[in-house]
Amino acid sequence: SPGEGILLFEDNVIVDGFNIQNCDGNGIHTGSNSNYQILNGVIKQVNNLIRRDAIETMGHEGGAIAHSVDVHGGMVSNIQIDSAYAAIADVNGGDDSLNVYDRIDAKNCNKAIEFSQGFSQGNASYLKVTNSRFYNCGAFEIKSNPTGPADSWLRPSAIPRRRASSTGGCVAPAFARGQAGW
């Protein structure tokens, strides 16, 4: 995977105390792993090809932390992000569940977080974003397949009716499957 900072495709791995800067691809690219921890790090100036030149590559324009398939039971905590396509990217309903994103401090990202539910995918469950801030970032994006369950796979327990914006920040609420409160 050209341009990636760290490839994390293994179970039970802890990445702690890192500094990733100036990558053309993703900062950390996870995939086919479970029970991982990404802790106490800095990720700056990543996804440079898509942000700078609008060049899309083979899946490496996701974000500071980007998921591929089957990413379960992870903890991402105390991460500072500056200048990425998305702070957290490609979390999807087909195969990502039981992930916790805590104390993410992101700024200058095209997207804050990207959750998606693709065609005929299963339901993601128990995804949490807590104690996090996104400044000068684009949308907190939740996409759903129009023929699928538009609002049943991920429900915010208390989400403000606003988007992360260039004029201020947005504090991410806690998310849990099955809670009321859209």
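Structure: above.
About the criteria used
Residues numbered from 1 in each chain as written. Predicted model: local features only at pLDDT ≥ 70, side-chain atom pairs only at ≥ 80, totals over all residues. Heavy atoms only, no water. Helix = DSSP H or I, 4+ residues; strand = E, 2+ residues; numbered from the N terminus. Contact = heavy atoms within 4.5 Å. Disulfide = S-S within 2.5 Å. Buried < 20%, exposed > 50% of the residue type's maximum accessible area, 1.4 Å probe, protein only. Salt bridge = Lys/Arg side-chain N within 4 Å of Asp/Glu carboxyl O.

Draft legend 1. Expanded view of the environment of Ile-104. Looking at where Ile-104 falls in the secondary structure, it is placed in strand 9 (residues 100-117). Sequence-distant contacts of Ile-104, that is, excluding residues within four places in its chain, are made with Val-76, Ile-79, Ile-81, Asn-131, Ser-132, Arg-133 and Phe-134.

Draft legend 2. Summary view of the state of the cysteines. Applying the stated criterion across every chain, the model contains zero disulfides. With no disulfide of its own, Cys-137 lies 4.0 Å from the sulfur of Cys-109, the closest cysteine sulfur. Taking relative accessible area as the criterion, Cys-137 reaches 5% and is therefore assigned buried.

Draft legend 3. The arrangement of the pattern of salt bridges in detail. Evaluation of the coordinates by the stated rule reveals three salt bridges. Here Arg-133 and Asp-105 are joined by a salt bridge, their closest N and O atoms 3.7 Å apart. Linking Arg-133 in strand 11 (residues 132-135) with Asp-105 in strand 9, this pair joins segments that are 28 residues apart in sequence. For Arg-133, a relative accessible area of 39% puts it in the partly exposed group. With a relative accessible area of 30%, Asp-105 lands in the partly exposed category. The salt bridge involving Lys-111 is made with Glu-114; its shortest N-O contact spans 2.6 Å.

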